[in-house]
Amino acid sequence: MKLTRRAALSLGASLPLAAALPHAAAAKAEMKGMDIAKSRRVELGEFEVTTLLAGTATRDEPQSIFGMNVSPEEFAKVSEEAFLPTDKVQFFFTPTLINTGSELILFDTGLNAKGITAAVEAAGYTADQVDKIVITHMHGDHIGGLMGEGGETFKNASYIAGSAEHNHWAKADNDGFKAKVAPLSEKMSMIEDGASVASGITAVSAPGHTPGHMGYMIESNGAQLMLIADLANHPVWSLAKPDWEVRFDMDKAQAAASRRKVLGMLAADRVPMVGYHMPFPAMGYVATKDDGFEYVPMSYQMML
Ligand SMILES: [Zn+2]
């Protein structure tokens, strides 16, 4: 370390002064606890894509959720290699907001109205600005924000959902559907695989997690990104091990087949993805590795 004579003098001179300051201990900043960003925005062609952290949750006993069909030893080995604990798992709930330039479209709504409203506002929008809501599937952590204590959360929005998904839950005597979706069903457009929900945004059927589960391919000016929703719910236990059974996958074999098909396509075409339950900001790439895949979280690629 080299100091100029002048810097050395001022450094020396400042020491006794600092030591003599009264209440030096009071200058310590308070502890603030864990912090995590609530939104992340990137540009995709002429679109702006913002992932929103609408909530997080820690769960015990992850192998009661992921890798139900493998031994505890195998689960522990795969987890340890990925620096993951085996006694806890962190979930993220990540709706995506896309501004196409002519419409603001929200994909899924988190656990409740409060969480999604806060996340939308943290990203610089208001709930009233949202033009369209697209529901990937009708589990509670995706439809929970549709309705709140004050009724409809997104008062100016129209709604889109897959018809197979809507039909399944409408017949299922499901409390979540009755509370959150049924009041809006009249305003909801039902779509099929391959339908366009806006110019450049196409539904991709990926059933198994639920009967009508859908992802969405987003394309603007030749740039692509896929919202995979709950096709794969963990960066390691689902991507590296696509055949590991997941408690929340209603048809486990079909879910595994959908994972292999869609993740294989994303890897082959090098298309980035947003995974609803991936660690925030939930954007990354898929590479093939061994008999499965590897999740490569986005670093700066989408800033370029
Ligand atoms: Zn989910």
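Residues numbered from 1 in each chain as written. Predicted model: local features only at pLDDT ≥ 70, side-chain atom pairs only at ≥ 80, totals over all residues. Heavy atoms only, no water.

1. A few points about the coordination of the zinc ion
Line of reasoning, step 1. Around the zinc ion, the protein supplies D141 (OD), H142 (NE2), D230 (OD) and H277 (NE2) as donor atoms, at distances of 2.0 to 2.2 Å.
Line of reasoning, step 2. Every donor counted, the four donor atoms about the zinc ion form angles of 85 to 170° at the centre, which fits irregular coordination.
Line of reasoning, step 3. Donor residues for the zinc ion sit on one chain with the sequence pattern D-H-x87-D-x46-H. One end of the pair, D141, is in helix α4 (residues 140-143); the other, D230, is in the loop between β15 (223-229) and α7 (252-269), with 89 residues separating them in the sequence. (Donors = N, O, S within 2.8 Å, 3.2 Å for Na, K, Ca; no water. Tetrahedral: all angles 85-135°; square planar, octahedral: opposite > 155°, others 65-115°. Helix = DSSP H or I, 4+ residues; strand = E, 2+ residues; numbered from the N terminus.)

2. So, the side chain of T94
Line of reasoning, step 1. Following the sequence through the fold, T94 ends up in the loop between β4 (88-93) and β5 (96-99).
Line of reasoning, step 2. The class of T94 is buried, set by a relative accessible area of 1%. (Buried < 20%, exposed > 50% of the residue type's maximum accessible area, 1.4 Å probe, protein only.)

3. Observations regarding helix α3 (residues 113-122)
Line of reasoning, step 1. Residues of α3 that are buried: A113, G115, I116, A119 and V120. The buried residues of α3 all sit within an arc of 165° when viewed along its axis, so they share a single face.
Line of reasoning, step 2. Residues of α3 that are buried make contact with β2 (47-52), β6 (104-107) and β8 (147-148).
Line of reasoning, step 3. Positive backbone phi, approximately 100°, marks G124, located one or two places after α3. (Arc of directions from axis to C-beta. Contact = heavy atoms within 4.5 Å.)

4. Overview of the layout of surface pockets
Line of reasoning, step 1. Counted as a void, the largest pocket has a volume near 500 Å³.
Line of reasoning, step 2. In this structure, the largest pocket is lined by 21 residues; those nearest its centre are V78, V236, A240, K241 and F293.
Line of reasoning, step 3. Only α2 (72-81) and β18 (292-297) provide two or more residues apiece to the lining of the largest pocket.
Line of reasoning, step 4. Here the lining of the largest pocket takes five residues from β18, the largest share from any one element.
Line of reasoning, step 5. Looking at the lining of the largest pocket residue by residue, the class counts come to 10 nonpolar, one polar and 10 charged.
Line of reasoning, step 6. Within this model, the second largest pocket holds a volume of roughly 250 Å³. (1 Å grid on protein atoms, 1.4 Å probe; cavity = no way out; pocket = protein on both sides within 12 Å on 5 of 7 lines; lining within 4 Å. Points joined across faces, edges and corners; volume = space filled by probe spheres on them. Nonpolar A, V, L, I, M, F, W, Y, C, P; charged D, E, K, R; others polar.)

5. Here we look at the packing of aromatic side chains
Line of reasoning, step 1. The full count for this structure, using the stated rule, is five aromatic pairs.
Line of reasoning, step 2. Between F75 and W237, the ring centres sit 4.8 Å apart and the planes meet at 35°, which makes this aromatic pair tilted. With F75 in helix α2 and W237 in the loop between β15 and α7, the pair connects residues that are 162 residues apart, well separated along the chain. The same class applies to F75 and to W237, which are both buried.
Line of reasoning, step 3. Aromatic pair F107 and Y216: ring centres 5.4 Å apart, planes at 55°, arrangement tilted. Here F107 is found in strand β6, whereas its partner Y216 is found in strand β14 (residues 214-220), with 109 residues between them in sequence.
Line of reasoning, step 4. Chaining the aromatic ring pairs together yields one cluster made of F66, F75, F91, W237 and W244. (Phe/Tyr/Trp six-rings, centres within 6.5 Å; stacked < 30°, edge-to-face > 60°.)

6. Brief notes about the pattern of salt bridges
A pair can form between side chains of opposite charge whenever their charged atoms are brought close.
Line of reasoning, step 1. According to the stated counting rule, one finds nine salt bridges in the structure shown.
Line of reasoning, step 2. Two residues, D60 and K88, come together in a salt bridge whose shortest N-O distance is 2.9 Å. Here K88 lies in strand β4 and D60 lies in strand β3 (residues 55-60), a separation of 28 residues in the sequence.
Line of reasoning, step 3. Judged by its relative accessible area of 49%, D60 falls in the partly exposed class.
Line of reasoning, step 4. A residue is classified by how much of its surface remains accessible, and K88, at 40% relative accessible area, is partly exposed.
Line of reasoning, step 5. In this structure, R260 engages D291 in a salt bridge whose closest nitrogen and oxygen atoms are separated by 3.3 Å. Remark: D291 occurs in the loop between β17 (283-289) and β18 and R260 occurs in helix α7; sequence separation between them is 31 residues.
Line of reasoning, step 6. A residue is classified by how much of its surface remains accessible, and D291, at 59% relative accessible area, is exposed.
Line of reasoning, step 7. It is possible to trace a salt-bridge network through shared partners that takes in D243, R260 and D291. (Salt bridge = Lys/Arg side-chain N within 4 Å of Asp/Glu carboxyl O.)

7. A short note on the UniProt feature "domain: Metallo-beta-lactamase" (unreviewed entry) in the protein chain
Line of reasoning, step 1. Mapped onto this structure's residue numbering, the UniProt feature "domain: Metallo-beta-lactamase" (unreviewed entry) falls at residues 92-277.
Line of reasoning, step 2. Helix makes up 25% of residues 92-277 and strand 28%, whereas the separation of the span's terminal C-alpha atoms amounts to 5 Å. (UniProt positions renumbered as here; feature names shortened; annotations may be inferred.)

8. A few points about the sheet that holds β14
Hydrogen bonds between backbone groups are what pair the strands of a sheet, and the pairing can be parallel or antiparallel.
Line of reasoning, step 1. Reading across from one edge, β12-β13-β14-β15-β16-β17-β18 is the order of the seven strands in this open sheet, with mixed pairing throughout. Of all the strands in the sheet, just β12 (196-198) and β18 have a single pairing partner and so form its edges. Neighbouring strand axes in the sheet, compared pairwise and without regard to direction, differ in orientation by 35° on average.
Line of reasoning, step 2. Bridge analysis of β14 against β15 gives five bridges, and the strand direction is antiparallel. Paired with E219 across the strands is Q224, a residue of β15.
Line of reasoning, step 3. α7 contacts β14, β15, β16 (273-275), β17 and β18 of the sheet and is inclined by roughly 100° relative to β17. (Pairing = 2+ DSSP bridges. Axes fitted to C-alpha atoms, helices over the stretch in contact; angles between N-to-C directions.)

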